Amino acid sequence: MSERPPRRRFLRRVARHRAAVAGSAVVVLLLLVAALAPLLAPFDPAAQSLDAGLSGPSWSHWLGQDRLGRDLLSRLLYGARISAVVGLGTVSLSLAIGLLAGSLSGFLGGRVDHLFMRLADILLAFPGILLAIAITSVLGPSLRNVLIALSALGWVGYARLIRGQILKVRELEFVQSARAVGSPPVRLLLVHILPNAVSPVIVEATFGIARAIVAEAGLSFLGLGVQPPAPSWGAMINEGRHFLFVAPHLTTVPGLAIMITVMAFNFLGDGIRDAMDVREEIR
Amino acid sequence: MTGYLLTRLRQMVPVVFGVVTVVFLLIHLIPGDPVEIMLGESALAAQKEELRRELRLDRPVAVQYGEFLLGVAKGDLGTSFRSREPVLREILRRVPATLLLSGASMAVALLIAVPLGVLSAMRQHSPVDHLSGFLAMLGLSMPNFWLGPLLILIFSIGLGLFPVSGYGTAGHLVLPALTMGAGMAAILMRMLRSSLLEEIRQDYVRAACARGLSRRDAVLRHALANSLIPVLTVMGLQFGALLSGSIITETIFSWPGIGRLTVQAIEARDYPLVQGCILFIALCTVTVNLVTDLLYSRLDPRIRYE
């Protein structure tokens, strides 16, 4: 395993990665918009004006209005909140479970490891958002259930990654030395092994945020995500696609927002990966 | 090979068992009474009792589980709550449409990925390479539930080239196949590029050039075939994701496949059918992954499983 580059060197390498810089700028913008949506949005995202339904862009409504006359820009800005919450929330929840399961599996080995690997195999048999669709279809559509459904499969990737890293790191000399001088197992794991195994996990988590945002939008598109009138980008595309002939902007604008956000996280992930030089490790 | 096949089949047993268990548990995750949710609160008590008996929900969970396992083993996935038809029959009726769409999507993915992948690898760091890289990133970042409506907007509404939705003619297939194949094309293109770049540096390519073959011929006649092996493997492993993606794509284009059936079942709260569809897609994924694994050794004679 390559030595972890010092923080400053790492930041300098990310800063030199043009795509990563552009990506992080968009990510910061997304987070700012999500946090400041109530201040930035010109209208209440749920306020209806039926007589102005499906209006195109105008001076008062820069991006136009949807079927119910709600301001598209305001809904887009508030939609960033849902994407940010789901993206960060799913990854945090998945990481917490994955970290615990992967650490126990890699560190304890034996039956625990065997059991974990079988469970991972079972969950991975449900491709893409199939398991999330199954779970939200029975639990009912809501933000909380979307987080549960996406994390139900999301943790497996992190756990497998951490398990693999632990199996590799624990054989290294400095861990063996710590064990030889009598370092207790929990300290060995928390102080010596885990901090040296997280690099690829950070990269994977960056891509994971993008995946979660798309998955939430996909679930909302199918009516299984956040419920109306909450402005999820996926639900906005679904509402808009029925008016493609008369109001194509209702579909194109939220789609563009998702694509730019996902691209930003992917570029950032690429940049972090290159800066950490963990390409080999996360394969 | 036989030994490896047996080992893989043995490993598959607990996975299939686990998948069936997860799908069985789905109906028990429903908060509240599933029968009341399916029939609505206004249903008569007798109706509820009848459905409860039909879904075997009136028995102890262990018995229900045993019967479910036995049913799956015999190909009995229950009866659709709405159509009163066996779930498996409903699913099998939709299989041809989904297979057609999946096959066409894979063809689209290969048609885009192979030329672009070869070009980028042969002209590494050239504008073509950068453009392909950007297109791949676009393909990966564009969700199918957006790409689908966008293609309808451009090719159906704008240019009037293809029908907006439906099934039956080759024209109906183009946009859904493009929607579903774009993401896979991006993955395959990246894979082919990096795999071909590795092959190009091998001695046998240099030897072919030394024998007088042009670089283009050496790459196309020798290196490409070898670099396609990992691409085909990834394609097999991506089949499950393709099936899962069909749920959204078929909804957009009203394509009468398993994906659309799943969404219709969810909307109708037809839980036996939902369970059947999810189980079917998951078991197809497990099977295709196994077949891919086995084909891998056939395609590359260097690989021998012991």
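The structure displayed is predicted, hence computed values, not measured ones. (Residues numbered from 1 in each chain as written. Chains lettered and ligands numbered in written order. Predicted model: local features only at pLDDT ≥ 70, side-chain atom pairs only at ≥ 80, totals over all residues. Heavy atoms only, no water.)

(A) Spatial organisation of the interface of chain A and chain B. Contacts between chain A and chain B engage 39 residues on the former and 41 residues on the latter. When the two sides are added together, the surface that chain A and chain B hide from each other amounts to roughly 3,400 Å², 84% of it contributed by carbon and sulfur. Across the contact surface, chain A and chain B share 3 residue pairs in polar contact (both at pLDDT 80 or more). Counting only elements with at least two residues in the side of chain A that touches chain B, the list comes to α4 (110-124), α5 (130-139), α9 (199-221), α10 (233-241) and α11 (249-276) of chain A. Tallied by class, the residues present in the side of chain A that touches chain B amount to 27 nonpolar, 8 polar and 4 charged. (Contact = heavy atoms within 4.5 Å. Buried area = accessible area lost by both parts, 1.4 Å probe. Polar contact = N/O pair within 3.5 Å; in protein donor to acceptor, adjacent residues only side chain to side chain. Helix = DSSP H or I, 4+ residues; strand = E, 2+ residues; numbered from the N terminus. Nonpolar A, V, L, I, M, F, W, Y, C, P; charged D, E, K, R; others polar.)

(B) A look at the pattern of salt bridges. All names here are of chain A. A full pass over the atoms with the stated rule returns 20 salt bridges over all chains. Note that Glu239 and Arg70 form a salt bridge whose closest N and O atoms lie 3.4 Å from each other. Of the two residues, Glu239 is situated in helix α10 and Arg70 in the loop between α2 (18-40) and α3 (72-108); the sequence distance between them amounts to 169 residues. Looking at Arg70, the relative accessible area reads 4%, which means it is buried. Note that Asp270 is salt-bridged to Arg273, the shortest N-O span being 2.9 Å. Of this pair, Asp270 and Arg273 both sit in helix α11, 3 residues apart, which is roughly one turn of the helix. By relative accessible area, which is 17% here, Arg273 ends up buried. Linked through salt bridges whose partners overlap, the residues forming this network are Asp66, Arg70, Arg75 and Glu239. (Salt bridge = Lys/Arg side-chain N within 4 Å of Asp/Glu carboxyl O. Buried < 20%, exposed > 50% of the residue type's maximum accessible area, 1.4 Å probe, protein only.)

(C) Fine view of the packing of helix α1 (residues 2-29) of chain B against helix α4 (residues 61-73) of chain B. Residues and elements named next belong to chain B. One way to put it is that α1 packs onto α4 with a least axis distance of 11 Å and a crossing angle of 130°. On the basis of their axis angle, the class for α1 and α4 is oblique. The handedness of the crossing between α1 and α4 is right-handed. Together, Phe17, Val20, Thr21, Val23, Phe24 and His28 of α1 and Val61, Gln64, Tyr65, Phe68, Leu69 and Val72 of α4 make up the contact between the two elements. Of the residues contributing to the contact of α1 with α4, the split by class is 9 nonpolar, 3 polar and no charged. (Axes fitted to C-alpha atoms, helices over the stretch in contact; angles between N-to-C directions. Parallel < 35°, antiparallel > 145°, perpendicular 65-115°, else oblique. Left-handed = near helix turned anticlockwise from the far one by under 90°.)

(D) A look at unusual backbone geometry. For the bond from A:Pro228 to A:Pro229, the omega torsion is 10°, close enough to zero to count as cis. Positionally, A:Pro229 belongs in the loop between α9 and α10. Phi at B:His125 takes a positive value of approximately 70°, unusual for a residue other than glycine. Relative to the helices and strands, B:His125 resides in the loop between α5 (87-122) and α6 (127-141). In this structure, B:Ser254 is a non-glycine residue whose phi angle is positive, near 45°. Inspection of the secondary structure puts B:Ser254 in the loop between α11 (239-252) and α12 (258-267).

(E) Molecular detail of the confidence of the model for chain A. All names here are of chain A. The share of residues in chain A with pLDDT of 70 or more is 95%, and the mean pLDDT across the chain is 89. Per-element averaging of pLDDT across chain A places helix α12 (residues 279-282) at the bottom with 44 and α2 at the top with 95. Here residues 279-283 is a poorly scored stretch, pLDDT under 50, and it has 12 contacts once near neighbours within four places are set aside; other chains count. (pLDDT = per-residue confidence, 0-100.)

(F) Local environment of the environment of A:Ala217. Position of A:Ala217 relative to the elements: it lies in helix α9. For A:Ala217 and A:Leu104, which are 113 residues apart along the polypeptide, the C-alpha to C-alpha distance reads 33 Å. If we ignore the near neighbours within four places in the chain, the residues touching A:Ala217 are A:Gly234, A:Ile258 and B:Phe145.

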